Every structure is written in C-alpha cells, then in structure tokens.
Amino acid sequence: MAYCVFTCDKPKTGAADGGLSAHIDRRKWDAKEHRMVPFVPNSVIHPELSHLNKEYLLPPGMGRTEAINKRIKEAGITRKIREGQVRFLAFLCTSDRETMLRIYNEGRWQAWVDANIAFMQKTFGKENVVGCAGHMDEVTFHLHFTVVPIIMGQASERPDTRRQFEKRNGKEKRRYRKQDVSARLCARDVFTQKNAEQWQTDYALHMQAAGFDLQRGVSGSQAKHVDPAVYNAIKAEEAKLEAEKVGLEMQKEVLEDEVDMLRSEKDALTIDIETLNKEKKQAETAVKGLQKMCSNLTAQKTQLTSDLAELQSQLSEGKISLDEYNQRKVDVEGQIADCDARLADKQQKLETKKAELLDIKGKVNYYDVAYVRFDVPEIKVKPPKITERPSRFGNIDEWMESQNSSLKKQFHNSLQSFAKTVMNAAQKSILGERKFRLLNQRELEEIGAELRSEKYHHHQQTSETLDLLDLLEKPDAARLVREVATALMGGNYVCIPCAGGGSVSSETGWDGRKKDEEDESFRLRCWLHAAKTVKASRNIPTRRKGFGVK
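The text that follows walks through the structure, step by step, so that each part is easy to find.

Reading guide: rules and limits
Residues numbered from 1 in each chain as written. Predicted model: local features only at pLDDT ≥ 70, side-chain atom pairs only at ≥ 80, totals over all residues. Heavy atoms only, no water. Core = buried A, V, L, I, M, F, W, Y, C linked by side-chain atoms within 4.5 Å. Buried < 20%, exposed > 50% of the residue type's maximum accessible area, 1.4 Å probe, protein only. Helix = DSSP H or I, 4+ residues; strand = E, 2+ residues; numbered from the N terminus. Contact = heavy atoms within 4.5 Å. Pairing = 2+ DSSP bridges. Axes fitted to C-alpha atoms, helices over the stretch in contact; angles between N-to-C directions. Patch = residues over 30% accessible without salt bridge, like charges linked within 9 Å, V, L, I, M, F, W, Y side chains within 5 Å. Areas by Shrake-Rupley, 256 points an atom, 1.4 Å probe, with all protein chains shown as cover. Salt bridge = Lys/Arg side-chain N within 4 Å of Asp/Glu carboxyl O. Lys, Arg positive; Asp, Glu negative; His and termini not counted. Charge placed at Lys NZ, Arg CZ, Asp CG, Glu CD.

Now for the nonpolar core. The tendency in soluble globular proteins is for nonpolar side chains to be buried as a group. Counting 33 residues, the largest nonpolar core has Phe 91, Trp 109, Trp 112, Met 120, Leu 143 and Phe 145 as the members making the most contacts within it. When residues of this core are traced back to their parent elements, those giving at least two are β1 (2-9), β5 (89-95), α3 (97-105), α4 (109-124), β6 (129-135), β7 (142-147), α6 (187-190) and α7 (193-209). No other element matches α4, which puts eight residues into this core. Look past the residues within four positions of Met 120 in its chain and what remains in contact with it is Phe 6, Phe 91, Gly 125, Val 129, Phe 145 and Val 147.

Here the focus is the sheet that holds β7. Strand order across the open sheet formed by six strands is β4-β6-β7-β5-β1-β10, with mixed pairing between neighbours. In the strand order of this sheet, the two ends are held by β4 (54-55) and β10 (214-215), each with one partner. In terms of strand pairing, β4 meets β6 through two bridges, oriented antiparallel. By the bridge assignment, Glu 55 is partnered in β6 with Ala 133. On top of the sheet, α3 reaches β1, β5 and β10; it is set at about 80° to β5, its chief contact. Each of β1, β5, β6, β7 and β10 is contacted by α4, which is oriented at about 25° to β7, the strand it contacts most.

As defined by bridge partners, β1 adjoins β10 across two bridges and the pair is classed as parallel. By the bridge assignment for β10, Tyr 3 is matched with Gln 215. With six bridges joining them, β1 and β5 adopt antiparallel strand pairing. Along β5, the bridge assignment pairs Thr 7 with Leu 92.

On the surface, Glu 244, Glu 443, Glu 445, Glu 446, Glu 450 and Glu 454 cluster together into a patch of negative charge. Residue contributions to the negative patch peak at five residues, all from helix α11 (residues 396-472). Along the chain, Glu 454 falls in helix α11.

It is worth spelling out unusual backbone geometry at this point. Among all residues except glycine, the phi angle is most often negative; among peptide bonds, the trans geometry is most common. Although it is not a glycine, His 34 sits at a positive phi angle of roughly 55°. Mapped onto the elements, His 34 comes out in the loop between β2 (27-30) and β3 (35-38). By relative accessible area, His 34 is classed as exposed at 59%.

Written out as structure tokens, the structure is:
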C-alpha cells in the first residue's frame, strides 16, 4: 500500500501569495513590461504535459492573490493585519509517482481531485479554501491548495515568558479589556504540530473511505523534503549519467566483440594445437580433482552435521553432560565452518577452471586451422619455347632431348619465379596484417582502460550524488552545502569550521572550471565537491541508499 503525501507550508513573504501564483499559474509579473509574462519553474520536467494543468476552484479571470485578499476582506476581520503576516497556507496533496500514474491511467483523476477538495473544505471550511490547482508537468502529479487561515473567536491568553516575568519583578500582571473579535487571521493557531499530525491521520482515512488504496506516512518521521528544483536538477543529472552509462555499456559491448574477434584472429594465426591439447588435458585433470575435493568436503560436512544431531540426541537422552555437549558442539561447529570455507574456495576454483577448460575447448574446436587471405599480384610468366630448329640432317633424337631439357629448365624457372612472388606477397600481407591487428589491439586495450576508468568515475560520482541527497535532507548541512557550492562556482576559496574549533586550510583541492567544460557538468561538480567538503569538515555520517535509479 502506497503512502499518501499531505504537506503544509507557511510562506513568510510580503506578497500576499508569496510567489505561489507564479509557480501554479505559470505566470509572473514583469516590472519592466508591466504585464504578466509566461513563467516556467525549475521543477517542470515535462513541459509537453503543461496543457493538462488545471485550476478547479478559482473563478475564471481571478488570480490567486485576488482570491486571498477577497476572502480576508469578506471575513469581517476587525483587527489590523500586520505587514508580512502569513495570509495563506499552502498545502500539497499527492503520493508516489507510480501510484499517481496508476490513478490517472485508470481514469480516476477527477475522483481524486473531488476527494481532496471535499477533505480540505471539511477540515478548513469551504470559504477558506480559495484555490486548488493540479500540476501534471512535474515529477509527480499533485494538487496545490491555497487556504486562508481564518478562525472565529478571541485568541487564548498566552503565558508570560521568563524574561517578561523577571522584567516585572514579581508585579501583578497587567490586565487589559478584551476586544470582541468575531474573526481573525492567525496561521499560528491553525498550523500547529498537533493539528498537523491529526491532518495526516484524517487525510489518510478520508482517502481510504473514498476508495483509494493509501496509508498514512510514518508517524514522527524526521525526513526532510528536498527543494524541488534541486531534486529535479539532481535527477536530471542522474538521468544524464544513466544515459551515458547505457551508451558506454553499448560501446563497451561493441568493443568487447571487436576485441574478441581480433583476439580470435590473432589466436588463429599463432595457435598451437598440441599446446592447446596439452592445456586441455591439464584443465580436465584439474576439474576432476576439484570435483572430487568438493564431493569429499560435502560428504565430510554431511557427516559432521549428522554427528551434531547425534550429540543433540545423546544430550536429550542423558548420555552426556551439558558441559561435554557444549564443548563437543563448539568443536563440531568449528569443523563445519572450516568445511564451508574450504568448500566455497574449492567451488570458486572449480568454476574458474571450468571456464578455462571451456575456453580451451572452444579454441581447439574452432582454431585448428588458420587461414590467411591475401591478394596475389598479377604475374606475367613467359611460356616455355623451343629455342632451336631441328637439323635437316643427322639424328633428330639428340635435338628432341636437348629441347626437352631446355623446356624443363624454362618451366622450372618460371615456376620458381611465380612461387617466389606469391610467397613474398603472402609474407608481406601477413606482416602487414599482424602489425594492423596489434595496433588495433593496443588501441582497444587503451579504450578498454578508458572505459574502466569512466565506469569507476561514474560509480564514484553516483556515490557522491547519494551523499549530496543525504546532506540536503539536513537543513543546516543543506545551507552550508549551498554556500560552499556558490563559493566554488565563483572561483573563491572556502573556509569551513571543523569540530576542533579551528578551520580547514584554504587549499580545498578545487581546480576551478576546466577548459571547455559545459555549464551543467561544472555546476554538478561544484555541488558534489561542496558536499564532499562539508561532509569531511563536519564528519557527517550519511545513509547509503540503493541505486537503481531511484
């Protein structure tokens, strides 16, 4: 069952809406142009869904500021409203992303909205709930409620503080005539810790009654909400890193295939079948020996387990004392633990040997013969010719014998010339191919080393990002991280107070902005270095979280 999220905030700004309308309505006032202009908050990550955002309570043409002021004016408040007084409470109603997506895909979004509006109007009064806006273009679908904290009746008398009591030196507390108050604006009396805890419980029960499978959050949880802009920026960087990781993994697979192919070709040129057969027999012998060892250790462990059960039986029958049982039990359990350790070691060696044997068998099966392809150059061979005419007189057999010997010599010379040309071409092709393959091998090894280095740095950056998220959950640490990150972006040295009462050196190990470094990459590096600096200086323990994207 998913958790429901119900949060409340008190904007302490001079403006009536504290910038909430700019976030919700996606518009803000431009002092230079003297008109409302479009505004996209940093928390928006799906601008293509902005057309689904909707206001459910505000009348058409009325802004949030006007609605708040109208409610305060119509409430009949007689007391003067101080400048900077909290004039509204901002509520956020949602759940986790998967749950909200499921509700929307099931066609129950409007039912969700109606159930939330009903709860808010029941809890705070229908007239006080002046706005309800749904946001669909951020990480999670959610509702923003604007509530004017107007309550009826006189405020309760607050007890003296210690300073006030000492200032009067024990004099009788002054009494003033109470002013008749019918309505008053007081966020302090509405948003209390007791009320907030009750709201959480009532909200969960209300949503369950409305047919939504949700439960209340953990009572007394100390978890802090991260600023949406910071959270989205970190998530965007994580998504970017994840995409880069996927790309690097695909490149790694392609390069590994090329490396395997090159290694196969190299092995096909230099492999020695007799050596491979010898290695195969040695590997098979090693595998059989390791299998025998594992079998013996398994049998030994079984026997020890049986002995332990027999000891238990003897103890229950009274054949041995408890001291003797404990002593023998410790001995047997030690032997079992030793068997387990040895068995695990032998099994690991067995798997390694099996892999080696499988690799050797593959080489024996596929690389028995090495083929070398090369282009034979065009060769003009002179055909054998008769060099002399037969004599008109005399014995013709001598002439035939002489010419056959000449033709044989010419053919032999032509064949030698052809063979020499082909062998030279083959040798030249093999040497060139070997040089090319060895060069590619070196380049691929360098690329593999770079990939391993990138993978290590990515893992390190992921760990540092999780540490940053943990630090941002602590308000004081989050403030310090922001200050350090701002200083680093400005290229300044940072001095952080440490637990010993002194300060760290101004040499922070920060090398500033790198050449041709992009803005996003530089900002992320500033944030991670700031988190590392704060964590090291204050020795803040962090909670490791699982990564799988979250």
